[in-house]
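Coordinates in review
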Amino acid sequence: MLPEVLHRIEAACARAGRDPSDVALVAITKGHDVEEIRRRVLVYGHRILGENRVQEWRAKAEALGPEVEWHLVGHLQRNKVKLVAGVVLIHSLDSERLADALEAEGARRDIVFRTLLQVNVSGEARKYGAAPAEAPALARHVASLGHVTLEGLMTMAPYSDDPESSRPHFRALRRLGDTLAVPGLSMGMSGDFEVAVEEGATWVRVGSALFR
Ligand SMILES: *Cc1c(COP(=O)(O)O)cnc(C)c1O
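Analysis parameters
- Residues numbered from 1 in each chain as written.
- Predicted model: local features only at pLDDT ≥ 70, side-chain atom pairs only at ≥ 80, totals over all residues.
- Heavy atoms only, no water.
- Axes fitted to C-alpha atoms, helices over the stretch in contact; angles between N-to-C directions.
- Helix = DSSP H or I, 4+ residues; strand = E, 2+ residues; numbered from the N terminus.
- Parallel < 35°, antiparallel > 145°, perpendicular 65-115°, else oblique.
- Contact = heavy atoms within 4.5 Å.
- Buried < 20%, exposed > 50% of the residue type's maximum accessible area, 1.4 Å probe, protein only.
- Pairing = 2+ DSSP bridges.
- Right-handed = clockwise from strand over helix to strand, strands pointing away.
- Arc of directions from axis to C-beta.
- Near = heavy atom within 4 Å.
- Polar contact = N/O pair within 3.5 Å; in protein donor to acceptor, adjacent residues only side chain to side chain.
- Areas by Shrake-Rupley, 256 points an atom, 1.4 Å probe, with all protein chains shown as cover.
- Nonpolar A, V, L, I, M, F, W, Y, C, P; charged D, E, K, R; others polar.

1. Some thoughts on the packing of helix H4 (residues 96-109) against helix H5 (residues 135-143)
For the pair H4 and H5, the least separation of the axes is 10 Å and the interaxial angle reads 10 degrees. The angle between H4 and H5 places the two elements in the roughly parallel class. Of the residues in H5, those in contact with Glu96, Ala99 and Asp100 of H4 are Leu138, His141 and Val142.

2. Section: the pairing of strand E5 (residues 113-118)
Remember that side chains alternate between the two faces of the sheet whenever the strand is regular. Counted residue by residue, E5 has five buried out of six residues, so it is predominantly covered. Relative to E5, strand E4 (residues 89-93) runs parallel, the two sharing two bridges. Bridge pairing links Leu93 to Leu117 in E5. In this region the chain leaves E4, passes through H4 and returns to the parallel neighbour E5; the handedness of that crossover is right-handed. Relative to strand E6 (residues 148-154), E5 is paired through five bridges, and the arrangement is parallel. Residue pairing in the sheet places Arg114 in a bridge with Thr149 of E6. Read as a crossover between parallel neighbours, the route from E5 over H5 to E6 is right-handed.

3. Quick notes on H5
By the burial criterion, the buried members of H5 are Ala135, Leu138, Ala139, His141 and Val142. Buried residues along H5 cover an arc of 160 degrees about the axis, so they all sit on one side. Exposed positions of H5 whose direction lies more than 90 degrees from the buried face are Arg140 and Ala143. Contacts from the buried residues of H5 go to E4, H4, E5, E6 and helix H6 (167-180).

4. What about the site of the ligand?
Around the ligand, the structure places Ile28, Lys30, Asn52, Val73, Met156, Met189, Ser190, Arg205, Val206, Gly207 and Ser208. At 2.7 Å from an oxygen atom of the ligand is found a side-chain nitrogen or oxygen belonging to Lys30. At a separation of 3.2 Å, an oxygen atom of the ligand approaches a polar side-chain atom of Asn52. When the free accessible area of the ligand is taken as 380 Å², the share hidden by the protein chains comes to 86%. Class assignment for the residues of the shell around the ligand results in five nonpolar, four polar and two charged.

In structure tokens form, the structure reads like this:
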């Protein structure tokens with residue numbers, strides 16, 4: 001339930017000596033219909049939501065209206081950039097080619113896309129995201145663009161039953177963020193968001209824990 005998740009975020013902030021207002025919960029609503037979203041998320045006054053597929057997001061955004069702040073957390077294909085103008089934050093920028101496609105679309109519409117660089121810090125083969133070694137060049141490239149801004153980094157830790165196993169990956173992402181001087185860190189999901197908060201997350205992306 002959402003209030004319990006917020007409570008656990010606050011407790012993790014207290015343990016880490018952090019201000020809870022520096023951590024935003026992105027409620028991941030993939031796989032849940034708009035009625036469930038109203039009942040499990042919006043009813044509590046929460047308005048920051050995330051989806052991982054463009055098509056699913058578009059349908060829900062239309063149904064739920066303009067008061068929701070939508071984040072895109074899943075892989076974005078270049079041929080879909082024309083569809084994501086209403087997304088407030090794209091967590092999954094992972095290549096120069098995608099950055100260039102967003103730049104062209106942003107110039108065409110006269111808007112700026114806010115993005116996070118997704119980094120595969122664990123090196124797990126099936127994960128999306130740029131390699132850590134590529135991140136500095138990618139960040140420099142985005143900094144040269146006028147219609148894309150880079151506000152931080154995002155990662156997904158390998159799946160595990162033990163939240164502690166995510167800690168080194170979250171720590172690595174934070175170090176990389178320090179090196180690149182980008183402030184935001186999107187890390188932590190239902191199984192490991194408290195560890196992510198302890199390690200400096202500014203966005204946690206929590207889905208299933210809100211719907212059970
Ligand atoms: C589904 C998803 C989440 C949320 O996962 P849960 O384990 O359900 O909390 C977070 N980030 C991304 C990129 C996702 O696809």
